[in-house]
Amino acid sequence: MFRSTTIFLCAFFVLGLKGSLTGAQEGRRYVCLLSDPANQCSAYCVSALQPVIDHLKKEQQDWSTCEVKTNETLMKLDRVENQVTATQLQIESQLTSLQANLTKGVPQDLEKRLDRIEGNQTAVQSQLKAGQKQTESQLTAIQKKLSEIERKLVLQRYQQIGSRYFYIEHNLIVNWRTAEQMCVEMGGHLAAFQNDLEYNAITRQLKNEFYWTGINDLAKQGEFISLASGKRAPFLRWRKNEPKYDDPSQHCAFIYGHDYVMVVRSCTTQAMRFICQADNAV
């Protein structure tokens, strides 16, 4: 390729030199003196075009170098791609192996074992519930027994009159509300009476003093109920002209110890002794 270019350029220069040789000689300006134009032109042209040829060679060398570097880069990329592919395959292999190991590590009858554990847990829970119910039943029985014992201890302060138990306070003098509270602290309430026989048995033990009962008409005037049961008082024995209301606070009945009849007085301002009953049936 370079030789053909050189010949072409040399021919161009030879034609140019033949047409301008006379002018050059007349002006004493010589480009070159050719005794053998055919041979000397080739060397001259090569000499004149050498920088161009060198430049083209350098460009070709640079291109070749670039091409070599490109090929090297492509080869490196291929190697990296191969390495990535190999790494990916290795990771997939390791994952497969890990899954296989995990599968081997988990017992084949795991689900059955879990079912058995769940069944055992259910059985244990049932046993615990049964034990809890049994314990609660035993505690209830113990509490009931303790209540009976406590009741017997409380009743030691009471005396049996007829079929019921009463406590007669002969010394302390308090208002009606305080008397009820003290009866409650002893396990009872202010007393009411179920019949004449019971009432007479109690009044025979009274001093010639006043004694609060649990009979009152606080809810509705004229309708006397038992504080213990909330029911209508089954037995009343009023003094003549009673119940008599001298002021609006008179709603609580007491026993007048001189003739053993009932009188209505103020529940808050009056103070006297009192009678308690151990039950809340009457």
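These lines cover the structure that appears in this document, whether it is placed above or below. Quick caveat, the model's predicted, so the values are computed rather than measured.

Remarks on the packing of aromatic side chains
Inspection of the entire model under this criterion finds eight aromatic pairs. When the ring of Tyr158 is compared with that of Tyr167, the centres are 6.2 Å apart and the planes differ by 65 degrees; the resulting orientation is edge-to-face. Seen from their ring centres, Phe210 and Phe254 are 5.1 Å apart, and the 50 degrees between their planes marks the pair as tilted. In this pair, Phe210 is assigned in strand β4 (residues 210–216) and Phe254 in strand β6 (residues 250–256), connecting sequence segments 44 residues apart. Stacked on the ring of Tyr167, the Lys or Arg Arg157 has its end atom at 5.6 Å from the ring centre. The lysine or arginine in question, Arg239, covers the ring of Tyr256, its NZ or CZ lying 5.3 Å from the ring centre.

Quick look at the pairing of strand β7 (residues 261–266)
Most of β7 is tucked away, with five of its six residues classed as buried. Pairing geometry for β6 and β7, over six bridges, is antiparallel. Across the sheet, residue Ile255 finds its bridge partner in β7, namely Met262. If you look at the hairpin formed by β6 and β7, you'll find four residues sitting between the two strands, and Tyr260 has a positive phi there, around 60 degrees.

Details of the state of the cysteines
Counted under the stated rule, the structure contains two disulfides. Covalently, Cys252 is tied to Cys267 through a disulfide, its sulfur atoms 1.8 Å apart. Negative torsions about the S-S bond denote left-handed disulfides, and the value of about 100 degrees found for Cys252 with Cys267 makes this one right-handed. A residue pair is termed long-range when its members are at least 10 positions apart, and Cys252 in strand β6 and Cys267 in the loop between β7 and β8 (272–277) qualify at 15 residues. Across this residue pair, the class does not change: Cys252 and Cys267 are buried. Sequence-ordered numbering of the bonded cysteines in the protein chain yields a pairing of 1-4, 2-3.

Some details on the nonpolar core
By size, the foremost hydrophobic cluster in this structure holds 21 residues, and its most contacted members are Phe166, Phe193, Ile202, Ile215 and Ile275. Sorting the residues of this core by element identifies β2 (164–174), α5 (196–203), β4, β6 and β7 as the ones contributing at least two each. For this core, the leading source of residues is α5, giving three residues. Not counting the four nearest positions on each side in its chain, Ile275 is found in contact with Phe166, Tyr167, Ile168, Cys183, His189, Leu190, Ala191, Ile202, Leu206, Tyr211, Trp212 and Ile255. In this structure, Ala179, Cys183, Cys252 and Cys276 belong to the second largest nonpolar core, which totals 18 residues.

What about the side chain of Thr213?
Within the secondary structure, Thr213 is located in strand β4. For Thr213, a relative accessible area of 0% gives the class buried. A distance of 2.8 Å separates a polar atom in the side chain of Thr213 from the backbone oxygen of Ala253. Apart from residues lying up to four places away in sequence, Thr213 is in contact with Trp176, Leu190, Ala191, Phe193, Ala253, Phe254 and Ile255.

Thoughts on the pattern of salt bridges
One pass over the structure, following the stated rule, counts six salt bridges. Note that Arg237 is salt-bridged to Asp196, the shortest N-O span being 2.1 Å. Here Arg237, found in the loop between β5 (225–226) and β6, pairs with Asp196, found in helix α5; they are 41 residues apart in sequence, far enough to count as distant. The class for Arg237 is partly exposed, based on a relative accessible area of 25%. Between Glu209 and Arg273 there is a salt bridge whose closest N-O contact spans 3.3 Å. Taken together, the positions of Glu209 in the loop between α5 and β4 and Arg273 in strand β8 put the pair 64 residues apart, joining distant regions of the chain. Relative accessible area serves as the criterion here: at 15%, Arg273 is assigned to the buried category.

So, how was this worked out
- Residues numbered from 1 in each chain as written.
- Predicted model: local features only at pLDDT ≥ 70, side-chain atom pairs only at ≥ 80, totals over all residues.
- Heavy atoms only, no water.
- Phe/Tyr/Trp six-rings, centres within 6.5 Å; stacked < 30°, edge-to-face > 60°.
- Helix = DSSP H or I, 4+ residues; strand = E, 2+ residues; numbered from the N terminus.
- Lys NZ or Arg CZ within 6 Å of the ring centre and 35° of its normal.
- Buried < 20%, exposed > 50% of the residue type's maximum accessible area, 1.4 Å probe, protein only.
- Pairing = 2+ DSSP bridges.
- Disulfide = S-S within 2.5 Å.
- Core = buried A, V, L, I, M, F, W, Y, C linked by side-chain atoms within 4.5 Å.
- Contact = heavy atoms within 4.5 Å.
- Polar contact = N/O pair within 3.5 Å; in protein donor to acceptor, adjacent residues only side chain to side chain.
- Salt bridge = Lys/Arg side-chain N within 4 Å of Asp/Glu carboxyl O.

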